[in-house]
Amino acid sequence: MNRIERLIGEMSLAEKLGQLTMTAAGHAVTGPIVAADATEAIKAGTIGNLLNLFGADRVREMQRLAVEESHLGIPLLIGFDVVHGHRTLFPIPLGEAASFDPQLWALTAREAATEAAADGLTMTFAPMLDVSRDARWGRSAEGPGEDPWLGARMAEAKVRGFQDADLCAADALAAVAKHYCAYGAVTAGRDYASVDISERTVHEVHMPPFAAAVAAGVAAVMPAFTDLAGIPMTANGALLTGWLRRRLKFDGVIVSDFNAVGELIRHGIAADLTQAAALALNAGVDIDMMADAYRRGLPTALERGWVSMADIDASVRRVLRLKARLGLFDDPYRRGKTPEAAPVIAARRQLARAAGARAIVMLKNDGILPLAESVRNLAVIGPLADAAAEMRGPWWGAADPEDPVSVLAGLRGMLGELRVPHQPGVEIDGENVAGFAGALELCAQADAILLCVGESAAMSGEAASRAHLGLPGRQRQLAEAVLERARALRKPVIAVLFSGRALIVPWLIERADAVLAAWFPGSEAGNAIADLIMGRVSPSGRTPVSWPCAMGQVPLFYGQRPSGRPGDPMDRFTSKYLDAPDAPLFAFGHGLTYGVFALSDLRVTADRVSENDTLEIRVDVANRGARTAEETVFLFTHDKLASVARPLLELKGFGKIRLNPGQSGTVTIFLDANELCFLGPDLEPVFEPGEVEILVGPCADRSRLLVATIHLVPPRP
Ligand code: GLC
């Protein structure tokens, strides 16, 4: 009999339910601590998993209690939200998505895993894979943006990065794909609100990243807090056991979100903790995070016949199997055994700096960037300029608030003669305008003005929905005063926006000479921004979300289905707003570089394509600018006539090319024809003969795309 079956055979019910329980470490000034009762439960074997505990010594002590003092010596799973870094933070995931760089995504996850494992961690509650098309929802910051295909690519890369080739390696973490699923479609963008969308949209838009994570071998999945059409995901047997396990063949662990099992009572489908525990276990949830419902509810549920011991054993088996895959039975102390060497940490910081720069999207540039040598006085104004802690973004892991490099520190840390006077002018979110005068005074002596504005880290992420997507507090008034003064003095203004979402600031976009969307760039924020502004790095980021012109456009995304009355400004009875454009201010994929690129000569290897073919799509690219830069070319498709109305554009690939001034090259993108399958009327994949457009260009703006047409045909006999 193998070890796992032997253990299950020896376990009491309380020990089994302990393996299905994850409780949080508390926080003291010294850092994470485990409450005394939890410590006793670990020794008794009635808690088998912890979250929010890190630090090699602290973890080692908790493992020692479990392994050396409990009856069966089963090691602990120790999980934490290492979402975009542990102590060294990379850009928030929405920012990393903007790099459109799967290798970078994998590399930063690998580095985050290494750093977290050195702190004793074995599991990260990441990647967050919720497609979001509603900028009101603060958790857009944590995810891959609005596109399911991009979300799927990010899922693969992050799972590969966190888990590496072998989960039992001392620097591998078990990844948790979250939050399954469609959490990004919360009603009115309000976090934790109900989700009620079509089954088609669930499977076309929200499921692909999770399917990709499962195919990539993700160790665990976390259901969303939310209900989906009235069935809370934590009790959604159809999608957990039915779809995730049976259809997608997921054989890993399903871990609930924080207290989500207990919240089935508030959802109104469980009368008490016993019923909540039974509903969750029967739906397929293995680990109850922080509700203590399994330990307190399942014994009674068992007595009442609401659950079976076989199902309890099946969940225990999956948890023990994950611990075995992590190598915890062989050496429970392998993670955190060896402190990291200084050069490793330094190299990681350099990666964070490079990633920070690649995440930044240059939305606008009238030519002021990169700053000319003649700029000797750069006035830095705004509350986000000297805000190291905010650069971390909403999931800051174990990163010290003072650790990140602020914009001001990055600029002042550069070699050379540049003077960098600074005034915040206002707080991020407050009514105090006493600092206006001091800020405006800087304009007179400045050669250029850097306006650092936006959200605080806590204004996006979990429980951070916003109903107004402009600048918080009195920042708009400050920015308008600076823009006015700068215009009068004929001084250029560069605006840097910090946010966990697309902001609605058309007035700023129109009047600033350049605008950078920096998201929250992480530990090396200031150096990354300085590298970009001074021209050491050319901006290459492309926005993974559409930027609205007006609040009323939200939710806004490029992949909309056609209307029977497509918008026509000359025809009243067509789909449009009377008081706003229907197009975004910036389309998905938009992002300027320091080059000037032109695309030409789109060619596709085949005209008639069957399902098993692979298309080669080529386009020529020329850099007509004066500086070396990297261009990203997107591949979209549009199925013009099908048994189901298809989105006007669907992202199916992208390519990148770096060109010197005057240089030309060719981007080749491969497309497997089976990627042109879609969910037919019965929601089953279908490859339908007919015309499909191949569209290639710089963003999801059809007017800027080169178009070719191919013909899908049945397989050759
Ligand atoms: C939170 C989040 C989830 C996180 C978990 C543990 O409420 O919803 O993303 O992983 O709890 O911190």
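Residues numbered from 1 in each chain as written. Predicted model: local features only at pLDDT ≥ 70, side-chain atom pairs only at ≥ 80, totals over all residues. Heavy atoms only, no water.

Undergrad: So, helix 19 (residues 525-533): which residues are in play, and what are the values?
TA: With nine of its nine residues buried, helix 19 lies for the most part within the structure. Among all positions of helix 19, only A525, G526, N527, A528, I529, A530, D531, L532 and I533 are buried. Turning to helix 19, the residues buried within the fold contact helix 14 (342-359), helix 15 (407-412), strand 16 (448-454), strand 17 (493-498) and strand 18 (514-517). One or two steps after helix 19, the chain reaches G535, where phi turns positive at roughly 85°. (Buried < 20%, exposed > 50% of the residue type's maximum accessible area, 1.4 Å probe, protein only. Helix = DSSP H or I, 4+ residues; strand = E, 2+ residues; numbered from the N terminus. Contact = heavy atoms within 4.5 Å.)

Undergrad: Tell me about empty space enclosed by the protein, residues and numbers included.
TA: All chains considered together, the criterion is met by five cavities of 30 Å³ or more. Lining the largest cavity are 13 residues; nearest its centre among them are R133, D134, A135, V545 and S546. Its boundaries defined by the atoms lining it, the second largest cavity holds a volume of some 80 Å³. Residue lining of the second largest cavity: M11, E15, Q19, I42, G45, I47, G48, A66, S70, L72, I74 and L76, and that is the complete set. Of the residues belonging to the lining of the second largest cavity, the class tally is seven nonpolar, four polar and one charged. (1 Å grid on protein atoms, 1.4 Å probe; cavity = no way out; pocket = protein on both sides within 12 Å on 5 of 7 lines; lining within 4 Å. Points joined across faces, edges and corners; volume = space filled by probe spheres on them. Nonpolar A, V, L, I, M, F, W, Y, C, P; charged D, E, K, R; others polar.)

Undergrad: Tell me about unusual backbone geometry, and name the residues and values.
TA: Glycine aside, negative phi is the norm for most residues, and most peptide bonds take the trans geometry. Look at the link from K178 to H179: it is a cis peptide, with omega at -5°. Note on placement: H179 falls in strand 7 (residues 174-180). For the bond from V554 to P555, the omega torsion is 5°, close enough to zero to count as cis. Within the secondary structure, P555 sits in the loop between helix 19 and strand 19 (597-604). For A182, which is not glycine, the phi dihedral falls at a positive 70°. When you line up the elements, A182 lands in the loop between strand 7 and helix 8 (199-206). What makes A182 buried here is its relative accessible area of 1%. For A229, which is not a glycine, the phi torsion comes out positive at approximately 50°. Structurally, the position occupied by A229 is in the loop between strand 9 (227-228) and strand 10 (231-232). A relative accessible area of 45% places A229 in the partly exposed class.

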